[in-house]
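Summary of the model geometry
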Amino acid sequence: MKKLGFGLMRLPLLDPEDERSIDVETVKKMADAFLSAGFTYFDTAACYHDGQSEIAFREAVAKRYPRDAYTITDKLTMFMLETEEDMPGFFAGQLERLGVDFIDYYWLHGLDPNAYPKAQELHAFDFVRRLKEEGKVKHIGFSFHGDAKMLEEILTRYPYLEYVQIQLNYLDWEDPKVQSRLCYETAARHGKPVIVMEPVKGGCLASIPKEAEKLLREHQPDQSTASWAVRFAASPENIMVVLSGMSDEAQMADNISYMKDFRPVSREEITVLEQVRKIIQESIAIPCTGCRYCTEGCPQHIAIPDYFAFCNDLHRFGPSQMRNVRRRFRQLAERNGKPSDCVKCGKCEERCPQHLTIRSYLEKAGEILEQ
């Protein structure tokens, strides 16, 4: 299997303000380019694009290609389940939306200090194991947002899980919270292939400070900044595939250009990335990846990732962006809750893969954006 996967989380939209308005015709063109280049791995979940990602896959891929032309990964999303009895219907709905009779890779979704106990309580591990025994899924594993100690516990307790999906990128490789390297090494020690999510950290590593971009251009003038991030993530020996949440045809073409005949990063390139990492770390005010898990169930419908992105723009580019950011903020706040509307319920923090203190960040965002 080639190492690039098509993550269906950040698909092109007809209306930039409506996550459900997926531009299916563009997704078809992107899928065509992806498959024709020899790539096969698609990844989705029931919560992506507010329930529309699976349907977009059906229309763009399942209806248009034979079943052996692609593989599809989907997930048992714990925060969308209330009881053990919900799981069979949840899975059946996924098959219908995907337009397939079986799922190639089925994950327990986003295991972390909150989702892991719930998965145990609902006997979700037994459920996915039965799906495999019944031939409804081919392979089972889990995506993970915890520390290496928790990963060690899960892999020891449930050795029949075949794969681990973790967040891995050069910015988080040594991060004490994300622990990309430690989690990768834990999975490798247990003999579990690793699937990478967030190799470009929600786009943060595609749009980097000019000083950092200059360093990369000096070494590889014809390569995009995103290519460095994806190649870094794909280089460790135990990596099976790297997911890229591509949003347009240009991103697809760029990823294909350097992943079709993949070349791992060299020692010299790693040294360059270490310098780039230091520059980026100083430029990020709020390390949000824009996954939007935090907005699910927010009682005030606050556009949390968007407001954090505005703050990062101001931090990175300075006061010159203030007028533009304030204009965009006012437009967004007309349809969504403002940062100051937060009622401190904490639901967002329970679902944040980055373990951000979202409530405190929202206070700061309100002070900046609502002046």
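1. Topic: the nonpolar core
Of all hydrophobic cores here, the largest spans 93 residues; its most connected members are Phe-42, Phe-57, Leu-76, Phe-125, Phe-142, Phe-144 and Ile-154. The leading source of residues in this core is helix α9 (residues 225-234), at seven residues. Not counting the four nearest positions on each side in its chain, Phe-125 is found in contact with Leu-108, Leu-111, Tyr-116, Ala-119, Gln-120, Ile-154, Tyr-158, Tyr-160 and Leu-161. In this structure, Cys-294, Phe-329, Ile-358 and Ala-365 belong to the second largest nonpolar core, which totals 25 residues.

2. Overview of unusual backbone geometry
Of note, Asp-50 is a non-glycine position whose phi angle comes to about 55°, a positive value. Its location among the elements puts Asp-50 in the loop between β2 (41-43) and α2 (53-62). Look at Asp-50 and you get partly exposed, because its relative accessible area is 42%. Even without being a glycine, Glu-198 presents a positive backbone phi close to 55°. Among the structural elements, Glu-198 can be located in the loop between β7 (194-197) and α8 (210-219). Take Glu-198: its relative accessible area is 11%, and that puts it in the buried class.

3. Notes on the pairing of strand β3 (residues 71-77)
Regular strands have side chains that alternate between both faces of the sheet. Summarising burial for β3: seven of the seven residues are buried, a large majority. Taken together, the three bridges between β2 and β3 define a ladder with parallel strand orientation. By the bridge assignment, Asp-43 is partnered in β3 with Thr-73. You can see the chain leave β2, run along α2 and come back into β3, and the turn it takes is right-handed. As a crossover connection, the stretch from β3 through helix α3 (residues 86-98) into strand β4 (residues 103-111) is right-handed.

4. Digging into the packing of aromatic side chains
A full pass over the atoms with the stated rule returns 22 aromatic pairs. Relative to Phe-125, the ring of Tyr-116 lies with its centre 6.1 Å away and its plane at 85°, an arrangement referred to as edge-to-face. Phe-125 shares its class with Tyr-116; the two are buried. Cluster of aromatic residues (ring-pair linked, three or more members): Phe-6, Phe-34, Phe-39, Phe-42, Phe-57 and Tyr-70. Here Arg-67 stacks its cationic end above the ring of Phe-102, 4.0 Å away from the centre of that ring.

Rules behind the numbers
- Residues numbered from 1 in each chain as written.
- Predicted model: local features only at pLDDT ≥ 70, side-chain atom pairs only at ≥ 80, totals over all residues.
- Heavy atoms only, no water.
- Core = buried A, V, L, I, M, F, W, Y, C linked by side-chain atoms within 4.5 Å.
- Buried < 20%, exposed > 50% of the residue type's maximum accessible area, 1.4 Å probe, protein only.
- Helix = DSSP H or I, 4+ residues; strand = E, 2+ residues; numbered from the N terminus.
- Contact = heavy atoms within 4.5 Å.
- Pairing = 2+ DSSP bridges.
- Right-handed = clockwise from strand over helix to strand, strands pointing away.
- Phe/Tyr/Trp six-rings, centres within 6.5 Å; stacked < 30°, edge-to-face > 60°.
- Lys NZ or Arg CZ within 6 Å of the ring centre and 35° of its normal.

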